[in-house]
Amino acid sequence: MLRVGDVVTAYGQLEALKGVSVAAESGKITCLLGPNGAGKTTLMMTVTGLLKPKRGSIAFEGQELVGLSPSEIVARGVALVPENRLVFPDMSVRENLEAGAYLRRKPAEIAADLDRMFERFPRLKERAGQSAGTLSGGEQQMLAVARALMSRPRLLLMDEPSLGLAPLIVEEIFRIVAELNRDGTSIFLVEQNAHMALKVAHHFYLIEQGRVTFSGSPGQLAEDEVIQRAYLGSKRG
Ligand SMILES: Nc1ncnc2c1ncn2[C@@H]1O[C@H](COP(=O)(O)OP(=O)(O)OP(=O)(O)O)[C@@H](O)[C@H]1O
Ligand SMILES: [Mg+2]
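No experiment lies behind these values; they were computed from the predicted model shown.

Peer 1: What's the story with unusual backbone geometry in this structure? I'm lost.
Peer 2: Note: most peptide bonds trans; most residues except glycine with negative phi. Phi is positive for Leu 86, close to 50°, though the residue is something other than glycine. Mapped onto the elements of the fold, Leu 86 is located in the loop between strand 6 (78-81) and helix 3 (93-100).

Below, the structure is given as structure tokens:
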């Protein structure tokens, strides 16, 4: 479904991605694990058109995404739940959700999807008129997920959705990830919580210093080793 081939993305002279190739299969949950600064967010931003790669290709359902604008990429069916949630704090919950549907043109369908989001995330319904900045961290994360879903993506990219959240909320987030996947959305998930990620992933990658250093299924690598490399990198010590 998504094929990233030999992508190099740089900030000035610094190459944050040094030839990264990863794939996300249709109907599956793919996880990307790696230490701070490994290039995970850079990869998410490159796939969604927020950064332009210096080299490489990104094919989604066989069509090249490199060169398209972020909104053209959303229109193709790829949405991002960004790192640190990034909801619009001064807009209401409802307005944030409507913003997620900004490329869609059929008000009746948008209204129906809004209702479905409120069904799936009852806490957002209770807070529909409240400004998003006043939500708790967990509620903001739910809102960020729901907002991305309002574009009706076939592939949902999620950048560390559990970061900084209490264990119970983390479990809820992962339950939602599994549910969305069961309902047919393919997922490409960046996580620091390797333990939880390995429980839901069909396939995972380790990325260290801008390079993919492992690709396989959970169980192919001992969890201890994944955790060691996901948090610290393998080139330590
Ligand atoms: N806007 C920027 N300008 C310059 N360098 C940047 C910029 N954003 C990221 N970098 C650098 O690129 C590298 C990869 O950063 P990135 O944010 O992709 O890492 P990450 O794997 O998402 O880390 P984290 O787990 O901390 O979120 C880091 O060395 C970082 O310092
Ligand atoms: Mg990051």
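Peer 1: Explain the packing of aromatic side chains here, please?
Peer 2: For any pair of aromatic rings, geometry is given as the distance between the ring centres together with the angle between the planes. Taken as a whole and judged by the stated rule, the model has one aromatic pair. Geometrically, the ring pair formed by Phe 204 and Phe 214 is tilted, given 5.2 Å between the ring centres and 40° between the ring planes. Taken together, the residues Phe 204 in strand 9 (residues 203-208) and Phe 214 in strand 10 (residues 211-216) connect sequence positions ten residues apart. Per residue, the accessibility class of Phe 204 equals that of Phe 214, and both read buried. The positively charged end of Arg 147 is found above the aromatic ring belonging to Phe 88, 5.0 Å away from the centroid.

Peer 1: How should I be thinking about the pairing of strand 2 (residues 14-24) in this particular structure?
Peer 2: Looking along a regular strand, one sees the side chains alternate between the two faces of the sheet. Across eight bridges, the pairing between strand 1 (residues 2-11) and strand 2 is antiparallel. Pairing of Thr 9 across the sheet is with Leu 17, part of strand 2. Linking strand 1 back to strand 2 in an antiparallel pair, the connection comprises two residues, with Gly 12 at a positive phi of about 60°.

Peer 1: When you look at the site of ligand 1 in this model, what are you seeing that I'm missing?
Peer 2: Taken together, 13 residues are adjacent to ligand 1, and Gly 37, Lys 40, Thr 41, Thr 42 and Glu 83 come closest. The separation between an oxygen atom of ligand 1 and a polar main-chain atom of Gly 39 is 3.0 Å. The fraction of the free accessible surface of ligand 1 (640 Å²) that becomes covered by protein chains is 60%. Every element with two or more residues in the shell around ligand 1 is listed here: strand 2 and helix 1 (40-47). Among the residues forming the shell around ligand 1, the class breakdown is five nonpolar, five polar and three charged.

Peer 1: It is not clear to me how the sheet that holds strand 3 (residues 29-33) should be interpreted in this structure. Could you clarify?
Peer 2: Judged by pairing direction, the sheet is mixed, and its six strands sit side by side in the order 6-7-8-3-9-10 without closing on themselves. The sheet terminates laterally at strand 6 and strand 10, the two strands that pair on one side only. The mean inter-strand angle of the sheet, taken between neighbouring strand axes irrespective of direction, is 20°. The sheet contacts of helix 1 involve strand 3, strand 6, strand 7 (155-159), strand 8 (186-191) and strand 9, and relative to strand 7 the element is tilted by about 150°. Together, strand 3, strand 9 and strand 10 form the strand contacts of helix 9 (residues 223-232), whose direction differs from that of strand 9 by roughly 40°.

Peer 1: Where do I start with the side chain of Glu 160 in this structure?
Peer 2: If you trace the backbone, Glu 160 turns up in the loop between strand 7 and helix 7 (167-182). Once residues within four sequence positions are removed from consideration, Glu 160 is found in contact with Lys 40, Glu 83, Val 190, Glu 191 and Gln 192.

Peer 1: In this structure, what is going on with the coordination of the magnesium ion (ligand 2)? I would like to understand it.
Peer 2: Under ideal tetrahedral coordination, the four donors around a metal are separated by 109.5 degrees; under ideal octahedral coordination, the six donors are separated by 90 or 180 degrees. Distances from the magnesium ion (ligand 2) to its protein donors, namely Thr 41 (OG1) and Glu 83 (OE), fall within the range 2.0 to 2.4 Å. With Thr 41 in helix 1 and Glu 83 in the loop between strand 6 and helix 3, the pair connects residues that are 42 residues apart, well separated along the chain. What makes Glu 83 partly exposed here is its relative accessible area of 26%.

Peer 1: Which parts of the structure should I look at to understand the sheet that holds strand 4 (residues 55-60)?
Peer 2: Sheet strands associate in pairs through backbone hydrogen bonding, adopting either a parallel or an antiparallel arrangement. In spatial order, the strands read 2-1-4-5; together these four strands make up an open sheet with antiparallel pairing. Of all strands in the sheet, those with a lone pairing partner are strand 2 and strand 5 (63-64), marking the two edges. Of the strands in this sheet, strand 1, strand 2 and strand 4 touch helix 1, which is tilted by about 115° from strand 1.

Peer 1: Could you clarify how one ought to interpret helix 1 in this entry?
Peer 2: In an α-helix, one turn spans 3.6 residues; hence positions three or four apart end up facing the same way. Counting buried positions along helix 1 yields seven of eight residues, so the element is predominantly enclosed. Regarding helix 1, the residues found buried are Lys 40, Thr 41, Thr 42, Leu 43, Met 44, Thr 46 and Val 47. Count one or two residues on from helix 1 and you reach Gly 49, which has phi positive near 85°.

Peer 1: Would you mind showing me how to read the environment of Val 8 here?
Peer 2: Mapped onto the elements of the fold, Val 8 is located in strand 1. A residue is classified by how much of its surface remains accessible, and Val 8, at 2% relative accessible area, is buried. C-alpha of Val 8 to C-alpha of Arg 55: the two residues are 47 residues apart in sequence and 5.2 Å apart in space. Residues within four places of Val 8 in sequence aside, it is in contact with Glu 15, Leu 17, Lys 18, Gly 19, Pro 53, Lys 54 and Arg 55.

About the cut-offs
- Residues numbered from 1 in each chain as written.
- Chains lettered and ligands numbered in written order.
- Predicted model: local features only at pLDDT ≥ 70, side-chain atom pairs only at ≥ 80, totals over all residues.
- Heavy atoms only, no water.
- Helix = DSSP H or I, 4+ residues; strand = E, 2+ residues; numbered from the N terminus.
- Phe/Tyr/Trp six-rings, centres within 6.5 Å; stacked < 30°, edge-to-face > 60°.
- Buried < 20%, exposed > 50% of the residue type's maximum accessible area, 1.4 Å probe, protein only.
- Lys NZ or Arg CZ within 6 Å of the ring centre and 35° of its normal.
- Pairing = 2+ DSSP bridges.
- Near = heavy atom within 4 Å.
- Polar contact = N/O pair within 3.5 Å; in protein donor to acceptor, adjacent residues only side chain to side chain.
- Areas by Shrake-Rupley, 256 points an atom, 1.4 Å probe, with all protein chains shown as cover.
- Nonpolar A, V, L, I, M, F, W, Y, C, P; charged D, E, K, R; others polar.
- Axes fitted to C-alpha atoms, helices over the stretch in contact; angles between N-to-C directions.
- Contact = heavy atoms within 4.5 Å.
- Donors = N, O, S within 2.8 Å, 3.2 Å for Na, K, Ca; no water.

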